[in-house]
Structures are given as C-alpha cells and as structure tokens.
Amino acid sequence: METMTDPVAAAAAVVAERHPQAYAAFLCGSVITPRRTAYSDLDVVVLMDGDPAPYRESLRYAGWPVELFVHTRSSWDGYVEREIPRRRSPFS
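Each value, and the rule that gives it
- Residues numbered from 1 in each chain as written.
- Predicted model: local features only at pLDDT ≥ 70, side-chain atom pairs only at ≥ 80, totals over all residues.
- Heavy atoms only, no water.
- Helix = DSSP H or I, 4+ residues; strand = E, 2+ residues; numbered from the N terminus.
- Rg over C-alpha atoms; globule rule 2.2 N^0.38 Å.
- Areas by Shrake-Rupley, 256 points an atom, 1.4 Å probe, with all protein chains shown as cover.
- Lys, Arg positive; Asp, Glu negative; His and termini not counted.
- Charge placed at Lys NZ, Arg CZ, Asp CG, Glu CD.
- Core = buried A, V, L, I, M, F, W, Y, C linked by side-chain atoms within 4.5 Å.
- Buried < 20%, exposed > 50% of the residue type's maximum accessible area, 1.4 Å probe, protein only.
- Contact = heavy atoms within 4.5 Å.
- Salt bridge = Lys/Arg side-chain N within 4 Å of Asp/Glu carboxyl O.
- Pairing = 2+ DSSP bridges.
- Axes fitted to C-alpha atoms, helices over the stretch in contact; angles between N-to-C directions.

**Q** Please explain the overall build of the protein as it appears in this structure.
**A** Secondary structure assignment for the protein yields two helices and four strands. Along the chain direction, N to C, the helices and strands of the protein fall in the order α-β-β-β-β-α. Over its C-alpha trace the protein gives a radius of gyration of 13 Å, about what one expects of a compact globule, namely 12 Å for 92 residues. Each of the three principal axes of the protein carries a C-alpha extent, and together these read 35 × 30 × 15 Å. Summed over its atoms, the accessible surface of the protein is roughly 5,600 Å², and 53% of this surface lies on carbon and sulfur atoms. Across the protein, the 10 positively charged side chains and the 12 negatively charged ones have centroids separated by 9 Å.

In structure tokens, the structure reads:
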C-alpha cells in the first residue's frame, strides 16, 4: 500500500475499500485542524444501513493509523446523545 500524505484522500480510500456500501462517512479529529501532528490518526465515522455495524476498528492504511467508528444511523444517534451531555467528544 502506497503512503498517502493527504488525510482526506486516505480516509476516502480506506472507506471505499473496506465499506463500499456505506452511505456516508466523515473524517474528524485533529488531523483536519491546525493541531495536526506527526502522530495524528484518521478518525473516520462510517454510516451504514446494517451489518456489520456498529463496531470500532483500529488499523493502519496508506501509512496512517486509522480508527473506524462504523455505525448505523440509530447507533450513531444513540452514541452522540449519550456523549454530548457529558461534554465528551464521540472520538475520545
């Protein structure tokens, strides 16, 4: 696997390869902010209609450490509803 320097391109590629049936995905976390460091990972939320969601997976892709947060719409909504009142990021 070739190393990719663009985090958005790498996130799009990992989602296309591992979850082509996803209906939405978004890249989050420090990697898309000025706080990005050499140790930043790709935090990617993937939304699917059903199985195998929900689950969380850690992997390496195109030179990046990746955290995939794979959810259905209802599992994602439930997760966010629990975390927001605690003022916690869904990605911690």
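**Q** In this structure, what is going on with the nonpolar core? I would like to understand it.
**A** Among the nonpolar cores identified, the biggest contains 18 residues, and Leu42, Val44, Val46, Val66 and Leu68 are the most heavily contacted of them. Looking at this core, the elements that each hand over two or more residues are helix H1 (7-18), strand E2 (42-48), strand E3 (55-61) and strand E4 (64-72). Apart from residues lying up to four places away in sequence, valine 66 is in contact with Leu42, Glu57, Ser58, Leu59 and Tyr61. By size, the runner-up hydrophobic cluster in this structure holds six residues, among which are Cys28, Phe69, Trp76 and Tyr79.

**Q** When you look at the pattern of salt bridges in this model, what are you seeing that I'm missing?
**A** Pairing between side chains becomes possible if they bear opposite charge and their charged atoms approach one another. Overall, the coordinates contain four salt bridges when judged by the stated rule. A salt bridge links glutamate 57 to arginine 18; its shortest N-O distance comes to 2.5 Å. Highlighted residues: glutamate 57 in strand E3 and arginine 18 in helix H1, separated in sequence by 39 residues. Residue classification places arginine 18 among the partly exposed positions, given a relative accessible area of 36%.

**Q** Hey, could you run me through the sheet that holds E4 in this one?
**A** Strands belonging to one sheet form pairs held by backbone hydrogen bonds; the direction of such a pair is parallel or antiparallel. Judged by pairing direction, the sheet is mixed, and its four strands sit side by side in the order E1-E2-E4-E3 without closing on themselves. Every other strand in the sheet has two partners, leaving strand E1 (24-28) and E3 as the edge strands with one partner each. Pairs of neighbouring strands in the sheet enclose a mean axial angle of 25 degrees, with direction left out of account. In this structure, E1 lies alongside E2, joined through five bridges in antiparallel fashion. Across the sheet, phenylalanine 26 pairs through a bridge with valine 45, a residue of E2. With respect to the sheet, helix H2 (residues 73-83) is in contact with E1, E2 and E4, its orientation differing from that of E4 by roughly 105 degrees.

**Q** Honestly, the environment of alanine 10 in this entry has me stumped. Any pointers?
**A** With respect to the element layout, alanine 10 can be found in helix H1. Relative accessible area serves as the criterion here: at 0%, alanine 10 is assigned to the buried category. Sequence spacing of alanine 10 and glutamate 83 is 73 residues, and the spatial spacing of their C-alpha atoms is 27 Å.

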